[in-house]
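For reference, the chains in residue letters:
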Amino acid sequence: MTSSARSTPYWFLHYGLLAFYVAFALFPLYWLLKVSITPNDLLYSEGIRLWPSRSSLAHYTFVLAHSDFPLFFKNSLIVSGSTAVTVTLIAALSGYAMSRFDFRGKMWLVGLMLITQMFPLVMLVAPIFKLFSPLGLTNSLTGLVVVYTAFNVPFATFLMQSFFDGIPKDLEEAAMIDGASRFRAFRQIILPLTLPGVAATLGFVFTAAWSELLFALMLVSKADASTFPVGLLSFVSKFSVDFGQMMAAGVLALIPACLFFLLIQRYLVQGLTAGAVKG
Amino acid sequence: MSTMPLYEDAADQQRAPLRRFRAGLEPYLYIAPSVILIATIMLVPLIIGLSYAFRDMQLINPFSGGFVGLEHFRNLWMDAAFWLAMKNTLVWTLASVALQFSLGLVLALLLNNPFPGRGIVQALVFLPWAVPTFLSGLNWAWLFNPVVGPLPHWMAALGILPAPENILSDPNVAIWGPIIANVWWGIPFFAITLLAALQSIPQDIYEAAAIDGAGSWRRFIDITLPFLAPTIAITVMLRTVWIANFADLIIVMTNGGPADQTQIVSSYIFTQAFRRLDFGYASAIAMVLLVLLMAYSFAIILMRQSLLRR
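Source: prediction; values computed, not measured.

The rules behind each value
- Residues numbered from 1 in each chain as written.
- Chains lettered and ligands numbered in written order.
- Predicted model: local features only at pLDDT ≥ 70, side-chain atom pairs only at ≥ 80, totals over all residues.
- Heavy atoms only, no water.
- Helix = DSSP H or I, 4+ residues; strand = E, 2+ residues; numbered from the N terminus.
- Rg over C-alpha atoms; globule rule 2.2 N^0.38 Å.
- Buried < 20%, exposed > 50% of the residue type's maximum accessible area, 1.4 Å probe, protein only.
- Contact = heavy atoms within 4.5 Å.
- Axes fitted to C-alpha atoms, helices over the stretch in contact; angles between N-to-C directions.
- Parallel < 35°, antiparallel > 145°, perpendicular 65-115°, else oblique.
- Left-handed = near helix turned anticlockwise from the far one by under 90°.
- Nonpolar A, V, L, I, M, F, W, Y, C, P; charged D, E, K, R; others polar.
- Salt bridge = Lys/Arg side-chain N within 4 Å of Asp/Glu carboxyl O.
- Domains from an automatic or database assignment.
- Buried area = accessible area lost by both parts, 1.4 Å probe.
- Patch = residues over 30% accessible without salt bridge, like charges linked within 9 Å, V, L, I, M, F, W, Y side chains within 5 Å.
- Areas by Shrake-Rupley, 256 points an atom, 1.4 Å probe, with all protein chains shown as cover.
- Core = buried A, V, L, I, M, F, W, Y, C linked by side-chain atoms within 4.5 Å.
- Expected span 1.5 Å × (residues − 1).
- Bend = angle between axes of the 7 residues up to and from the residue.
- Polar contact = N/O pair within 3.5 Å; in protein donor to acceptor, adjacent residues only side chain to side chain.

Caption draft 1: Fine view of the overall build of chain B. Scanning chain B for helices and strands turns up 12 helices and zero strands. In chain B, the order of α-helices and β-strands from amino to carboxyl end is α-α-α-α-α-α-α-α-α-α-α-α. Radius of gyration (C-alpha) of chain B: 27 Å, far over the 19 Å computed for a compact globule of 310 residues. A buried classification covers 49% of the 310 residues belonging to chain B. The long-range share in chain B, meaning contacts at least 24 apart out of those at least 6 apart in sequence, stands at 63%.

Encoded structure:
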C-alpha cells in the first residue's frame, strides 16, 4: 500500500475527494467570517459574492462595545473553566482508582458510568430545574458548573484511566516501599507523568461545557448569568436581521473552541474512544 | 500471614486488621467524589423525573403535583405530534448515522494513505468537530437563509429548488437542514475512530495479499472490512443512541417547526419542559424514549451474542 504502488488516476481521485472534504468542512466557517466583516449596506446589494468589495470590523466593534456579549463570553469562560478544572480533579482520582485498584463493585461503577452516557440527558431538564430552584442554583453560574461537572465526570474518568494505564505500576510501588503513602505517590509521581492526559481532559471538558445549550437555556433566564450560547440564541430571536453582528458574535464563540481543538488534537483518538459516545 | 515475624508484639497484631481495613477502604475514597456527584445530579433527578411521569406537574400552576396515574401516557397515545416526532426521530437518526458513517469511512480510508501535507489536511477536515453545536446549527441555518446564505441560490441555479427559498421553512424537506448540519459536524467523529482502527491493521497482511495477487478491492473486502467490523459495530450502535438523543441542532435551527415537521422525540421533550413548562408530560415522553433506547441496546447485545455463538 505504499504510495508508489498507486497509479496516477488514483491520486487524482484521492486529492479530488480530499479537496471536496476540506471545502465542505471549511466553507460554513468561511461564510461566517465573510458575513461578519461585510458592511451592512453591501450585505444585501452584493448578495452571494464570495468576498465583499469592501470589508470592515464595524460588527465586531459594535458587538464588543455595545452588546452583552463580553459578559456572556466571561460567564462562559468562568463556567467552562471551573467545570474543566473540577471534572479533571475528580476524574483523576476516580480514573486512578479504576486503573490501579481491584475493588468490590468496580463492575457496577463501570456499568453506572456507561449508562449515564447512554440515556437521554434531556429527561433530566425538568427534575434538575425543580431541585435547583429552591437551592438558589437556577440563574446562577454555580448551578451550571455543578450540572456540567456531573455530566462530564464519567467520560473524563475513562479518559484519565486510559492515561494512567499507560504508566507502569512499579513507579508508585517503589515510592511506597520507600515509605510514601499511596496518595502522596499518586500526587508527586504519577500525576506529573500524566500531565499531557490532564491537559487533554481539561480540553475535552472545556469544549463540552462551552457548547452546552439545553441546560443553560432551562436553568438561566437572566442576562447576567447567561452563557454564550444562551446569549447568542436570545440575540438571534430578538434582532434576527443583524446578520453581521450575529456572525461576528459567532466568530468570537469559535475562538476558544478552536484554541482547545489545537490543544487536544493529538489526543482526539484517545478521547473519542474513551467516551465512545461523547460528541 | 506466614511472612509475619514470630516476635511481633500484641499491639502490632491488633493494628494489622485496621491497616487492612484502611487499605480496603482506599479505592472507595478515590471514587467517592465521582459516585456522590453522579448519584445526586444524575440518578436522583432521573428517579424524580420518572415519578413526574405519573403526576400532574406544571411549573406555572402551583396547585399541580397530584398523582394522575397513566393519564399522560393515554394522552401520549392520542398525541399526533408525538407520533410524528417518532417518525422524524427514525428519519433523523438513520439518515444522520448512515451519511456520517459512509462519508467518515471514505475520509478515514483517504487519510490512511500517506501523502505530503496529510497532517494539515487532517486538522482542517476534523475542525468541524470542535465547533460548538449551537454555532454549527446557527451557521447552517444562516447558510440556508436566502438573505445571507448562498445555498438556496446555488440549489436554485442547479435546479434542485424551483426558487431560492429557505428549505428550513418548507415542511416537506425541512428535516434535511438539521441532518446536513449534523453530518457536517459528525463526520470527524467516525473518521477519527475508523482511522485509528485502520492504523492498527498489520501492514504485512496487505503485502502478503498483494504478493498472492489480490487487487485493492479484494484486499479491502477480505482484510480491511473484517478488521474494522468490531469498531464499526460498536461506534454505529453507540452513535445511533447518541444521535437519537441529540436535540441541540433541531432546537437551534427550526425549533421543531414548521408545523412540527422537524420535531424529534428528544426536542419534543425539551419543548414540553422549556416552552410549555409541563414537566409531567415531558417526563412521560422521556420515559417512553428511555424504554425504547433500552430495548434497542438490549436487542443489539442479544444480536451480538447470538452472532458470537455461531
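Caption draft 2: Expanded view of the packing of helix α5 (residues 133–144) of chain B against helix α7 (residues 176–199) of chain B. Residue and element names in this part refer to chain B. Following both chains from N to C, one finds α5 and α7 inclined at 130°, their axes separated by 10 Å at the closest point. Relative to α7, the element α5 is oriented oblique. Where α5 crosses over α7, the two elements pack in a sense that is right-handed. Packed against α5, whose contacting residues are T133, S136, W140 and F144, the element α7 presents G177, I180, A181, W184 and W185 at the interface. Counted by class, the contact of α5 with α7 contains six nonpolar, three polar and no charged residues.

Caption draft 3: Representation of the pattern of salt bridges. This structure, assessed with the given rule, holds four salt bridges over all chains. Across the salt bridge formed by E172 of chain A and R100 of chain A, the nearest N and O atoms sit 2.8 Å from each other. Pair noted here: E172 of chain A is in helix α8 (residues 170–177) and R100 of chain A is in helix α4 (residues 69–100), with a separation of 72 residues, a long-range link. A single burial state applies to E172 of chain A and to R100 of chain A, both of which are buried. R218 of chain B is paired through a salt bridge with D222 of chain B; the nearest N and O atoms lie 2.8 Å apart. Placement of both R218 of chain B and D222 of chain B in helix α9 (residues 216–245) is noted, with a separation of four residues, approximately one turn of the helix.

Caption draft 4: The domain arrangement of chain A, seen in detail. Residues and elements named next belong to chain A. Along its sequence, chain A is carved into domain 1 (3–56) and domain 2 (67–275). Facing the eight residues of domain 1 at the interface are eight residues of domain 2. Note on domain 1 versus domain 2: buried area summed over both sides is about 650 Å², and carbon and sulfur give 77% of it. Interface area lost by domain 1 to domain 2 is led by L32, V35 and S36, which between them contribute 54%. Linking domain 1 with domain 2 are zero salt bridges.

Caption draft 5: Examining the packing of helix α4 (residues 118–126) of chain B against α7 of chain B more closely. All names here are of chain B. Between α4 and α7, the least distance of the axes is 9 Å, while the angle of their chain directions is 145°. Where α4 abuts α7, its residues R118, Q122, V125 and F126 lie against P188, A191, I192, L195 and Q199. Of the residues assigned to the contact of α4 with α7, the class counts are six nonpolar, two polar and one charged.

Caption draft 6: Molecular detail of the environment of A39 of chain B. All names here are of chain B. Take A39: it is sitting in helix α1 (residues 10–52). Given a relative accessible area of 26%, A39 falls into the partly exposed group. For A39, the contacting residues outside a window of four places in its chain are V44 and P45.

Caption draft 7: How the structure looks around the interface of chain B and chain A. With 91 residues of chain B in contact, the opposing surface of chain A contributes 93 residues. Across the contact surface, chain B and chain A share one salt bridge. Here R182 of chain A makes a salt bridge to E26 of chain B, at a shortest N to O gap of 3.9 Å. Ranked by the residues each element gives to the side of chain B that touches chain A, the list is headed by α1 of chain B, at 20 residues. The class makeup of the residues in the side of chain B that touches chain A is 73 nonpolar, 14 polar and four charged.

Caption draft 8: View of a nonpolar patch on the surface. A cluster of nonpolar side chains, contributed by L18, F21, L25, Y28 and L29 of chain B, occupies part of the molecular surface with about 490 Å² of accessible area. The residue L29 of chain B is located in helix α1 in this model.

Caption draft 9: Molecular detail of unusual backbone geometry. For N139 of chain A, which is not glycine, the phi dihedral falls at a positive 55°. Considering the arrangement of structural elements, one finds N139 of chain A in the loop between α6 (125–132) and α7 (141–165). For N139 of chain A, a relative accessible area of 25% puts it in the partly exposed group. With a phi angle near 55°, L277 of chain B is a residue other than glycine that sits in the positive phi range. Tracing the sequence through the fold places L277 of chain B in the loop between α11 (265–274) and α12 (279–309).

Caption draft 10: Focus on the nonpolar core. Among the nonpolar cores identified, the biggest contains 185 residues, and I128 and F228 of chain A together with W92, L107, L111, F126 and W142 of chain B are the most heavily contacted of them. For this core, the two domains that each supply at least three residues are domain 1 (3–56) and domain 2 (67–275) of chain A. Ignoring any residue separated from it by four or fewer positions in sequence, one finds I128 of chain A in contact with V147, F151, F215 and L219 of chain A together with I41 and P45 of chain B.

Caption draft 11: Structural detail: α7 of chain A. Residues and elements named next belong to chain A. In this model, α7 (25 residues) spans 34 Å end to end at C-alpha, consistent with the 36 Å of a helix rising 1.5 Å per residue. Remark: the principal bend of α7, roughly 40°, maps to V153, with a proline, P154, within the next four residues. When you tally the buried positions in α7, you get 21 out of 25 residues, the bulk of the element. For α7, the side-chain oxygen to backbone nitrogen distance between the N-cap and T142 is 3.3 Å, and the N-cap itself is S140.

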